[in-house]
Amino acid sequence: SSLSNVNLDQSNLKNSIFTLSKFNNSTITNADISMSHFTGFHSIGSDFSSTSFYGSDLSNVNIEQTIMQKSNFTKSIISGTSIINSDLSNSSFDRTYIQTSRFYDSNIQNSDFSNSVLRFNEIHNSDLSNVKFNDSNMHYIKFINSDLSNADFRGSDLFSSNFTGS
(Lines give C-alpha, C1' and ligand atoms only; values in the text may rest on other atoms or scores of the structure.)
Protein backbone atom coordinates (compact mmCIF):
# COMPACT_ATOMS: atom_id res chain seq x y z
CA SER A 1 0.00 0.00 0.00
CA SER A 2 1.11 3.56 -0.63
CA LEU A 3 0.98 6.02 2.24
CA SER A 4 2.33 9.09 0.44
CA ASN A 5 1.91 12.55 1.93
CA VAL A 6 0.18 11.12 5.02
CA ASN A 7 0.30 12.87 8.41
CA LEU A 8 0.30 10.45 11.34
CA ASP A 9 1.89 12.84 13.84
CA GLN A 10 1.49 11.72 17.49
CA SER A 11 -0.40 8.58 16.47
CA ASN A 12 -0.56 5.28 18.32
CA LEU A 13 0.30 2.65 15.72
CA LYS A 14 1.70 0.10 18.16
CA ASN A 15 1.78 -3.52 16.93
CA SER A 16 0.89 -2.56 13.34
CA ILE A 17 1.87 -4.26 10.10
CA PHE A 18 3.53 -2.15 7.38
CA THR A 19 4.75 -5.03 5.19
CA LEU A 20 5.56 -3.78 1.67
CA SER A 21 4.16 -0.31 2.50
CA LYS A 22 5.56 2.85 0.91
CA PHE A 23 5.80 6.01 3.01
CA ASN A 24 6.85 8.87 0.72
CA ASN A 25 6.98 12.48 1.94
CA SER A 26 4.93 11.55 5.00
CA THR A 27 5.06 12.75 8.62
CA ILE A 28 5.00 10.22 11.45
CA THR A 29 6.66 12.22 14.25
CA ASN A 30 6.28 11.67 18.00
CA ALA A 31 4.42 8.45 17.22
CA ASP A 32 4.43 5.00 18.84
CA ILE A 33 4.92 2.31 16.22
CA SER A 34 6.65 -0.10 18.58
CA MET A 35 6.35 -3.87 18.19
CA SER A 36 5.42 -3.37 14.52
CA HIS A 37 6.45 -5.24 11.37
CA PHE A 38 8.04 -3.38 8.45
CA THR A 39 9.32 -6.19 6.19
CA GLY A 40 9.80 -4.80 2.68
CA PHE A 41 8.88 -1.28 3.85
CA HIS A 42 10.13 1.68 1.77
CA SER A 43 10.45 5.34 2.77
CA ILE A 44 11.65 8.34 0.77
CA GLY A 45 11.61 11.88 2.15
CA SER A 46 9.53 11.12 5.24
CA ASP A 47 9.94 12.37 8.81
CA PHE A 48 9.87 9.84 11.67
CA SER A 49 11.51 12.12 14.28
CA SER A 50 11.06 11.20 17.94
CA THR A 51 9.19 8.02 17.04
CA SER A 52 9.37 4.73 18.94
CA PHE A 53 10.21 1.63 16.89
CA TYR A 54 10.88 -0.31 20.12
CA GLY A 55 10.94 -4.08 19.47
CA SER A 56 9.99 -3.69 15.80
CA ASP A 57 11.13 -5.84 12.86
CA LEU A 58 12.73 -3.64 10.19
CA SER A 59 13.98 -6.45 7.91
CA ASN A 60 14.59 -5.81 4.21
CA VAL A 61 13.63 -2.16 4.54
CA ASN A 62 14.75 0.69 2.24
CA ILE A 63 15.03 4.14 3.80
CA GLU A 64 16.21 7.14 1.75
CA GLN A 65 16.37 10.85 2.57
CA THR A 66 14.36 10.19 5.71
CA ILE A 67 14.58 11.94 9.08
CA MET A 68 14.55 9.55 12.04
CA GLN A 69 16.44 11.63 14.58
CA LYS A 70 15.75 11.14 18.31
CA SER A 71 13.97 7.85 17.57
CA ASN A 72 13.97 4.69 19.68
CA PHE A 73 15.01 1.42 17.98
CA THR A 74 15.75 -0.41 21.26
CA LYS A 75 15.44 -4.21 21.00
CA SER A 76 14.54 -4.01 17.29
CA ILE A 77 15.70 -6.25 14.46
CA ILE A 78 17.30 -4.50 11.49
CA SER A 79 18.37 -7.06 8.87
CA GLY A 80 19.06 -6.67 5.15
CA THR A 81 18.12 -3.01 5.42
CA SER A 82 19.47 -0.04 3.40
CA ILE A 83 19.58 3.41 4.96
CA ILE A 84 20.77 6.08 2.53
CA ASN A 85 21.25 9.82 3.04
CA SER A 86 19.12 9.81 6.19
CA ASP A 87 19.31 11.39 9.66
CA LEU A 88 19.31 8.95 12.61
CA SER A 89 21.19 11.26 14.98
CA ASN A 90 20.53 11.14 18.72
CA SER A 91 18.69 7.82 18.41
CA SER A 92 18.77 4.75 20.64
CA PHE A 93 19.70 1.35 19.18
CA ASP A 94 20.35 -0.21 22.60
CA ARG A 95 20.15 -4.03 22.56
CA THR A 96 19.29 -3.99 18.85
CA TYR A 97 20.20 -6.78 16.39
CA ILE A 98 21.58 -5.31 13.14
CA GLN A 99 22.81 -7.67 10.42
CA THR A 100 23.74 -7.41 6.73
CA SER A 101 22.53 -3.82 6.58
CA ARG A 102 23.96 -0.80 4.79
CA PHE A 103 24.19 2.77 6.05
CA TYR A 104 25.36 5.22 3.36
CA ASP A 105 25.87 9.00 3.60
CA SER A 106 23.86 9.20 6.81
CA ASN A 107 24.02 11.22 10.02
CA ILE A 108 24.10 8.84 12.99
CA GLN A 109 26.01 11.08 15.41
CA ASN A 110 25.30 11.00 19.16
CA SER A 111 23.38 7.72 18.86
CA ASP A 112 23.65 4.77 21.24
CA PHE A 113 24.30 1.21 19.99
CA SER A 114 25.31 -0.16 23.42
CA ASN A 115 24.77 -3.86 24.13
CA SER A 116 23.84 -4.50 20.49
CA VAL A 117 24.78 -7.16 17.97
CA LEU A 118 26.05 -5.71 14.69
CA ARG A 119 27.30 -8.24 12.12
CA PHE A 120 28.24 -8.02 8.45
CA ASN A 121 27.16 -4.37 8.14
CA GLU A 122 28.58 -1.65 5.89
CA ILE A 123 28.71 1.97 7.02
CA HIS A 124 30.00 4.33 4.29
CA ASN A 125 30.57 8.09 4.35
CA SER A 126 28.50 8.49 7.50
CA ASP A 127 28.88 10.65 10.62
CA LEU A 128 29.21 8.42 13.69
CA SER A 129 30.86 11.02 15.90
CA ASN A 130 30.11 10.65 19.61
CA VAL A 131 28.34 7.32 19.03
CA LYS A 132 28.34 4.75 21.85
CA PHE A 133 29.04 1.13 20.91
CA ASN A 134 29.74 0.00 24.49
CA ASP A 135 29.69 -3.76 25.14
CA SER A 136 28.52 -4.54 21.60
CA ASN A 137 29.28 -7.60 19.50
CA MET A 138 30.46 -6.14 16.16
CA HIS A 139 31.84 -8.79 13.79
CA TYR A 140 32.80 -8.04 10.18
CA ILE A 141 31.75 -4.37 10.26
CA LYS A 142 33.00 -2.07 7.50
CA PHE A 143 33.39 1.57 8.57
CA ILE A 144 34.44 3.08 5.23
CA ASN A 145 35.27 6.81 5.06
CA SER A 146 33.11 7.46 8.12
CA ASP A 147 33.66 9.92 10.97
CA LEU A 148 34.18 8.00 14.20
CA SER A 149 35.44 10.98 16.23
CA ASN A 150 34.91 10.45 19.96
CA ALA A 151 33.10 7.12 19.35
CA ASP A 152 33.10 4.87 22.42
CA PHE A 153 33.80 1.17 21.80
CA ARG A 154 34.60 0.18 25.41
CA GLY A 155 34.00 -3.51 26.06
CA SER A 156 33.05 -4.26 22.44
CA ASP A 157 34.17 -7.18 20.28
CA LEU A 158 35.21 -5.81 16.87
CA PHE A 159 36.37 -9.09 15.29
CA SER A 160 37.54 -8.69 11.68
CA SER A 161 36.28 -5.11 11.28
CA ASN A 162 37.44 -2.70 8.58
CA PHE A 163 38.13 0.99 9.28
CA THR A 164 39.40 2.04 5.82
CA GLY A 165 39.50 5.83 5.43
CA SER A 166 37.76 6.43 8.75
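(A) Spatial organisation of the packing of aromatic side chains. Under the defined criterion, the tally for this structure stands at 19 aromatic pairs. Aromatic side chains Phe113 and Phe133 sit 5.3 Å apart centroid to centroid with 20° between the ring planes, which places their arrangement in the stacked category. With Phe113 in the loop between β7 (102–104) and β8 (117–119) and Phe133 in the loop between β9 (122–124) and β10 (137–139), this residue pair connects regions lying 20 residues apart in the sequence. Residue class for Phe113 comes out buried when judged on its relative accessible area of 3%. Classification of Phe133 as buried rests on a relative accessible area of 1%. With a centroid separation of 6.4 Å and 85° between ring planes, the pair formed by Phe153 and Phe163 is classed as edge-to-face. Taken together, the residues Phe153 in the segment after β11 (142–144) and Phe163 in the segment after β11 connect sequence positions ten residues apart. You can call Phe163 partly exposed: its relative accessible area is 37%.

(B) Focus on the environment of Ile123. With respect to the helices, strands and loops of the structure, Ile123 is situated in strand β9. Since its relative accessible area comes to 5%, Ile123 is described here as buried. Each C-alpha atom, one on Ile123 and one on Tyr97, is 15 Å from the other, the two residues being 26 residues apart in sequence. Aside from chain neighbours lying at most four places away, what touches Ile123 is Phe103, Leu128, Ile141, Lys142, Phe143, Ile144 and Ser146.

(C) A look at the side chain of Ser146. As for its position among the elements, Ser146 is in the segment after β11. Assessed through its relative accessible area of 4%, Ser146 is described here as buried. At a separation of 3.4 Å, a polar atom in the side chain of Ser146 contacts the main-chain amide nitrogen of Asn125. Apart from the residues within four sequence positions on either side, Ser146 is in contact with Ile123, His124, Asn125, Ser126, Leu128, Gly165 and Ser166.

(D) Structural view of the sheet that holds strand β4 (residues 77–79). Spatial ordering of the open sheet is given by β4-β6-β8-β10, a layout of four strands whose pairing is parallel. Since the sheet does not close on itself, it has two edges, and those belong to β4 and β10, each with one partner. The mean angle between the axes of side-by-side strands here comes to 0°, regardless of whether they run parallel or antiparallel. Bridge analysis of strand β6 (residues 97–99) against β8 gives three bridges, and the strand direction is parallel. Looking at β8, one finds that Tyr97 is bridged to Val117.

Conventions used here
- Residues numbered from 1 in each chain as written.
- Predicted model: local features only at pLDDT ≥ 70, side-chain atom pairs only at ≥ 80, totals over all residues.
- Heavy atoms only, no water.
- Phe/Tyr/Trp six-rings, centres within 6.5 Å; stacked < 30°, edge-to-face > 60°.
- Helix = DSSP H or I, 4+ residues; strand = E, 2+ residues; numbered from the N terminus.
- Buried < 20%, exposed > 50% of the residue type's maximum accessible area, 1.4 Å probe, protein only.
- Contact = heavy atoms within 4.5 Å.
- Polar contact = N/O pair within 3.5 Å; in protein donor to acceptor, adjacent residues only side chain to side chain.
- Pairing = 2+ DSSP bridges.
- Axes fitted to C-alpha atoms, helices over the stretch in contact; angles between N-to-C directions.

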